[in-house]
Amino acid sequence: MESPREALLARLGLSGELPHLEEALTHPSFSNEQRKGACADNQRLEFLGDAVLGLCVAELLMQRFPGADEGELSRMRASLVNPNPLAAWARTVELGAALRLGRGAQAAGERDRTNVLADAVEAMMGAIYLDRGFDAARLFVHAVIAEPLARLTEGPERTRDPKSELQERVQATGGPSPRYRVVRVEGPPHHRDFTVVVEIDERVVGEGQGRSKKLAEQEAARAAILRLWAGDADAASEVSSGSNESEVRPSNGALPRTEDA
């Protein structure tokens, strides 16, 4: 019977030796439950994969959007290099099933957590870079970001700061200014993952995650725009009226709490 790891490799079209794959798919919780030093987790590979991802995305955007300036390129890169699109891709290939998690993390439902999946994707980028070289890593990165990249269009409407766009849209309806709140901070001090919600008139309308508070706020604003305005003719009246029908809860089910980071 095919193991989850073998099934993952088959779905990704990867064959041959990948010596660092097991490490890339090992969550720290699994390593912590083993004898000290017996099993490496994927944090070092994630560190390397994050650099590989950033370089490959920057290279691709430079090629794809020759007329974009530095600010536009930075905003497009931020929309691609963050946990949300990485985790979305991971779910499409069922990467979570191949992860090695500790018993506590498994019981807590960590296998499908956005940050856990995104970290594993970056670790796989690092593993492929070490085992197959940069060209293979580049192809893997391109496959991971293909869908969100296809949605990008060069120009101010897609590359502008989503926080500014949300602010302008809400002001146009006569609603109160959006308010951002950090609801969760995870990871070691050198590699934080922030989860932020954005509220309008004391109701949560979007949630985002990122490696900094600023990136998480941008993702929350982008989520709010998609939720409130994507094909919704009644969005303007909903924002200005303060209706609670579209309230969004943070993904962990907790109510938003005030926290500075």
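Structure: see above.
Residues numbered from 1 in each chain as written. Predicted model: local features only at pLDDT ≥ 70, side-chain atom pairs only at ≥ 80, totals over all residues. Heavy atoms only, no water.

Peer 1: Explanation requested: unusual backbone geometry in the structure shown.
Peer 2: A negative phi angle is the norm for most residues apart from glycine, just as the trans form is the norm for most peptide bonds. We note that E94 has phi near 55°; this positive angle belongs to a residue other than glycine. Residue class for E94 comes out partly exposed when judged on its relative accessible area of 48%. Although it is not a glycine, E202 adopts a positive phi angle of roughly 65°. With respect to the secondary-structure elements, E202 resides in the loop between β2 (193–200) and β3 (203–210). Overall, E202 belongs to the exposed group, its relative accessible area being 76%. (Buried < 20%, exposed > 50% of the residue type's maximum accessible area, 1.4 Å probe, protein only. Helix = DSSP H or I, 4+ residues; strand = E, 2+ residues; numbered from the N terminus.)

Peer 1: Quick question: what am I supposed to make of the packing of aromatic side chains here?
Peer 2: What characterises a pair of aromatic rings is the spacing of the ring centres plus the angle enclosed by the ring planes. Counted by the stated rule, this structure contains 2 aromatic pairs. Each ring, one from Y129 and one from F134, has its centre 6.5 Å from the other, and the planes form 80°; the classification is edge-to-face. Here F134 falls in the partly exposed class, since its relative accessible area comes to 24%. The ring of Y180 has K163 sitting right over it, with the charged end atom 4.8 Å from the ring centre. (Phe/Tyr/Trp six-rings, centres within 6.5 Å; stacked < 30°, edge-to-face > 60°. Lys NZ or Arg CZ within 6 Å of the ring centre and 35° of its normal.)

Peer 1: Would you mind going over the sheet that holds β2 with me for this structure?
Peer 2: Remark on secondary structure: sheet strands pair via backbone hydrogen bonds, oriented parallel or antiparallel. Taken in spatial order, the 3 strands line up as β1-β2-β3 in an open sheet, and their pairing is antiparallel. Both edges of this open sheet fall to β1 (179–186) and β3, since each of them pairs with a single strand only. On average, each strand axis in the sheet is inclined to that of its neighbour by 25°, with strand direction left out of account. Across 7 bridges, β2 lies against β3 in antiparallel orientation. The residue of β3 that forms the bridge with F194 is G210. Contacts from helix α12 (residues 213–229) reach β1, β2 and β3, with the element oriented near 135° to β3. (Pairing = 2+ DSSP bridges. Axes fitted to C-alpha atoms, helices over the stretch in contact; angles between N-to-C directions. Contact = heavy atoms within 4.5 Å.)

Peer 1: Just checking my understanding: could you explain the nonpolar core for this structure?
Peer 2: Among soluble globular proteins, nonpolar side chains are generally buried collectively. Core analysis: the largest hydrophobic core is formed by 47 residues, its most contacted members being L61 and L95. Of all the secondary-structure elements, those providing two or more residues to this core are α1 (4–12), α2 (21–24), α4 (43–64), α5 (70–80), α6 (83–92), α8 (114–132) and α9 (134–150). For this core, the leading source of residues is α8, giving 10 residues. Leaving out residues up to four positions away in the same chain, L95 has contacts with L8, L25, W89, A90, L117, A120, V121 and M124. (Core = buried A, V, L, I, M, F, W, Y, C linked by side-chain atoms within 4.5 Å.)

Peer 1: Sorry if this is basic, but what is going on with the environment of A40 here?
Peer 2: Of note, A40 is situated in the loop between α3 (28–32) and α4. Residue class for A40 comes out partly exposed when judged on its relative accessible area of 45%. Along the primary structure A40 and T26 are separated by 14 residues, whereas in three dimensions their C-alpha atoms are 7.4 Å apart. If sequence neighbours within four positions are ignored, A40 has contacts with E23, T26 and S31.

Peer 1: Is there a simple way to think about the packing of α4 against α5 in this case?
Peer 2: Each pair of packed helices gets described by two things: the angle between the helix axes and the distance between those axes. Two numbers describe how α4 lies on α5: the axes approach to 10 Å, and their chain directions differ by 130°. The orientation of α4 relative to α5 falls into the category oblique. In the packing of α4 onto α5, the handedness of the crossing is right-handed. Contacts from V57, L61 and M62 in α4 reach L73, M76, R77 and L80 in α5. (Parallel < 35°, antiparallel > 145°, perpendicular 65-115°, else oblique. Left-handed = near helix turned anticlockwise from the far one by under 90°.)

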